[in-house]
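# Architecture at a glance
Chain residues, written in single-letter form:
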Amino acid sequence: MPPRVRFAPSPTGYLHVGGARTALFNWLFARRLGGVFVLRIEDTDTERSSDEMITGILDGLRWLGLDWDEGPGVGGSYGPYLQSERIDRHRAMAAQLVAQGHAYYCYCTAETLKAKRDAGEAADGAWRYDRTCCALTQDEIVANERAAIPRVVRFKVPEGPAGFDDLVHGPIAFDGANIEDFVLLRSDGQPTYQLSVVSDDVEMKISHVVRGDDHISNTPKQILLYRATGAEPPKFAHVPLILGPDKKRLSKRHGATSVTEYAKQGYLPEAMVNFLSLLGWSPGTDQELFTRDELVRAFALEGISGGNAVFNVEKLDWFNQQHIMRLAPDALVARVKPSLVAAGLWHDDYLTDRREWFLAVLELLRPRAKRLDDVATQGALFFSDTLEYDQAAVDKHLRVPGGDDQLAAIDGVLAAVAMFDPASTEAALRALAETRGVKAGVLIHAVRVSVTGKTVSPGLFDVLALLGRDKVRARLASARSLLL
């Protein structure tokens, strides 16, 4: 049967890198095998969950292009897909487990449990619940219920193995003897994570659970719950955690932000998907650049590594640059327009009268753009009449003995050149340098600073041709005025 997988984020924060990678692996697995990708929002932490966070998660998935087959806004046969709307089902499972003898009511107070735990840890350093309430008679339970004594529901952990075969790590051994009778339902009637996730996975017929290594310790308890309900446990695949360059768990100190923030920073979703897919997964070849369709065809759980992955922003920048280079011209225009608008550099005639010129400028800037915003930053010299000069560059290349005379001579030859194209302007400058007995680089640096304001730019003679003779001469005049 085609797999049914789920991504089940908790809306206590936006969609971050780790969650996005988990969602991607689930999505690729489902798409590769013609399965179903379920999105379930686990919003039972009412104090920390919010509608704003849910919206942020959905927006992040949409930006990445990870469409879900069942879930919020889509529906499906196994809804509702907000966990907070499924609590009655969770309670019903707890009641069923109690009725079948797999769970029991525990009336021990928090104070009693703390005292026992403190005493146990003081004696031998270890303690787990001693099943005091598991030994209650039916009459004692009835009396406690009539008295409305607060109680939780605990799962009665059976003896024997609780291990499982992980699709990434292989066999993982756990012994039920080392697992405490854990709480399924709190005294306020709220289900715990272990109960709600198993209840939902059973009802939604989830066949594979692909999630982070930090959930490995939860899996034995969930395996036991599946068995107690008579359901076949799904297959588990725990993927490596994502670490920062310092090999510590990725956090905001490493620059980790929500995926929507990466969108605002000028990253392409294609690049982010490509980058995230290779954090802990390998296609088995040396290929690094993938389209979305290529990833779907190549992805297999067997390619997931057991070792932790390192998030490297420089590598993400490289992927982004490569995918920017792959964009068709019209697609590049659409992607860079928002940042140009935000910078006040956009003009509608870039799509009409000046379209050919605009596309030529983009092609010149494209190889140097690591992020979409770089087009606005590096292209300001083309799109704005205002030029900001690097004072150090002016002092080094313009404010030199004979600098004004040099700029005047440059202006003269550029005014006289017949064709204002890269080849002609370069030939004119090199001829002038020979005539004046200076290295061509001296004049080239002077022109670059004069027309771009900086010492670094795309190919100078391409820049001159795209700026045009009139604007170049006007900027040479402005540069000369700096020397007065």
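These numbers come from a predicted model, not from an experiment. (Residues numbered from 1 in each chain as written. Predicted model: local features only at pLDDT ≥ 70, side-chain atom pairs only at ≥ 80, totals over all residues. Heavy atoms only, no water.)

## Let's talk about the overall build of the protein
We count it as follows: Counting from the N terminus, the helices are DSSP H or I runs at least four residues long and the strands are E runs at least two residues long. Each radius of gyration is computed over the set of C-alpha atoms, and the globule rule expresses the reference value as 2.2 Å times the number of residues to the power 0.38. Throughout, a residue-residue contact means that at least one pair of heavy atoms, one from each residue, lies within 4.5 Å. Areas reported here follow the Shrake-Rupley algorithm with a probe of radius 1.4 Å; residue values treat only the protein chains shown as occluding. His is not counted here, nor are the chain ends, while Lys and Arg score as positive and Asp and Glu score as negative. To locate a charge, take atom NZ for lysine, CZ for arginine, CG for aspartate or CD for glutamate.
Summing up its helical and strand segments, the protein has 20 helices and 11 strands in all. Computed over its C-alpha atoms, the radius of gyration of the protein comes to 32 Å, more than 25% above the 23 Å expected for a compact globule of 484 residues. Based on the C-alpha atoms only, the size of the protein along its principal axes is roughly 110 × 50 × 40 Å. At a minimum sequence separation of 6, the contacts of the protein that also span at least 24 residues come to 75%. Accessible surface computed for the protein: about 22,800 Å², of which carbon and sulfur atoms make up 52%. Each charge class in the protein was averaged separately, 56 positive and 63 negative side chains, and the resulting centres sit 2 Å apart.

## Comments concerning the packing of helix α3 (residues 87-99) against helix α7 (residues 219-229)
Convention followed: Lines fitted to the C-alpha atoms define the axes, with helices restricted to the stretch that makes contact. Angles between their N-to-C directions range from 0 to 180 degrees. Throughout this description, any angle smaller than 35 degrees is read as roughly parallel, any larger than 145 degrees as roughly antiparallel, any in the 65 to 115 degree range as roughly perpendicular, and the remainder as oblique. Polar here means any residue outside two lists: the nonpolar Ala, Val, Leu, Ile, Met, Phe, Trp, Tyr, Cys and Pro, and the charged Asp, Glu, Lys and Arg; Gly therefore counts as polar.
Where α3 contacts α7, the two axes come as close as 10 Å, and the packing angle between them is 70°. When the axes of α3 and α7 are compared, the pair comes out roughly perpendicular. Packed against α3, whose contacting residues are Met93, Gln96 and Leu97, the element α7 presents Leu225, Ala228 and Thr229 at the interface. Of the residues belonging to the contact of α3 with α7, the class tally is 4 nonpolar, 2 polar and no charged.

## Structural notes on the nonpolar core
The test is simple: Here, nonpolar core means buried Ala, Val, Leu, Ile, Met, Phe, Trp, Tyr and Cys residues that are tied together by side-chain atoms lying within 4.5 Å of each other. Buried, partly exposed and exposed residues are distinguished by accessible area as a fraction of the type maximum, computed with a 1.4 Å probe on protein chains only: under 20%, between the cut-offs, and over 50%, respectively.
Leu61, Phe311, Phe358, Phe382, Phe383 and Ile410 are the most contacted members of the largest nonpolar core, which has 102 residues in total. Considering every element that reaches this core, the biggest residue donor is helix α1 (residues 17-32), with 9 residues. Once you skip the residues sitting within four places of it in the chain, Phe382 turns out to touch Trp357, Val361, Leu364, Leu365, Val463, Leu466, Leu467 and Lys471. With 29 residues, the next largest nonpolar core counts Ala162, Leu185, Leu224 and Ala228 among its residues.

## Observations concerning the packing of α3 against helix α6 (residues 193-203)
Two elements in contact, α3 and α6, have axes separated by 9 Å at closest approach and are oriented at 100°. If you check the angle between α3 and α6, you find them roughly perpendicular. In this structure, α3 contributes Arg89, His90, Met93 and Ala94 to the contact, and α6 contributes Leu195, Ser196, Val198, Ser199, Asp200 and Glu203. Within the contact of α3 with α6, the residues separate by chemical class into 4 nonpolar, 3 polar and 3 charged.

## Points about the pattern of salt bridges
Basically, it comes down to this: Between Lys or Arg on one side and Asp or Glu on the other, a salt bridge is scored when a side-chain nitrogen of the former is within 4 Å of a carboxyl oxygen of the latter.
Within this structure, the stated rule accounts for 32 salt bridges. In this structure, Arg40 and Asp201 form a salt bridge, with 2.9 Å as the shortest nitrogen-oxygen distance. With a gap of 161 residues between them, Arg40 in the loop between β2 (36-39) and α2 (51-64) and Asp201 in helix α6 connect regions that are remote in the sequence. In this structure, Lys471 engages Asp385 in a salt bridge whose closest nitrogen and oxygen atoms are separated by 3.3 Å. Taken together, the positions of Lys471 in helix α20 (residues 469-481) and Asp385 in the loop between α14 (373-383) and α15 (391-397) put the pair 86 residues apart, joining distant regions of the chain.

## Considerations on the packing of aromatic side chains
Keep this limit in mind: Aromatic contacts are taken between Phe, Tyr and Trp rings whose centres are within 6.5 Å, Trp giving its six-membered ring; a plane angle under 30 degrees counts as stacked, one over 60 as edge-to-face, and the others as tilted. Our definition puts a charge over a ring when NZ of Lys or CZ of Arg is within 6 Å of the ring centre and also within 35 degrees of the ring normal.
Inspection of the entire model under this criterion finds 19 aromatic pairs. Centroid distance Phe275 to Phe311: 5.1 Å. Interplanar angle 85°. Geometry classified as edge-to-face. On the criterion of sequence distance, the pair formed by Phe275 in helix α9 (residues 269-277) and Phe311 in the loop between β11 (309-310) and α11 (313-326) is long-range, its members being 36 residues apart. Phe275 sits in the buried class, given a relative accessible area of 3%. An aromatic cluster of at least three residues, connected via ring pairs, comprises Tyr262, Tyr267, Phe275, Phe311, Trp318 and Phe319. In this structure, Arg151 packs its charged tip against the face of Tyr105, placed 3.9 Å from the ring centre. The ring of Tyr129 has Arg154 lying over it, and the distance from NZ or CZ to the ring centre is 4.0 Å.

## A closer look at helix α17 (residues 422-436)
Quick reminder of the rule: The span one expects for a helix is its residue count, reduced by one, times 1.5 Å. When we speak of the arc, we mean the arc of directions from the helix axis to the C-beta atoms.
In a regular helix each residue adds 1.5 Å, so 15 residues correspond to 21 Å; α17 covers 21 Å between its end C-alpha atoms and thus fits that length. When α17 is considered as a whole, its buried residues turn out to be Thr425, Ala428, Leu429, Leu432 and Ala433. With its buried residues spanning 135° around the axis, α17 presents them on a single face. α17 presents Ala423, Glu434 and Thr435 as exposed residues on the side facing more than 90 degrees away from its buried surface. Buried residues belonging to α17 abut α16 (403-416), α18 (440-452) and α19 (460-467). The first or second residue beyond α17 is Gly437, which carries a positive phi of 70°.

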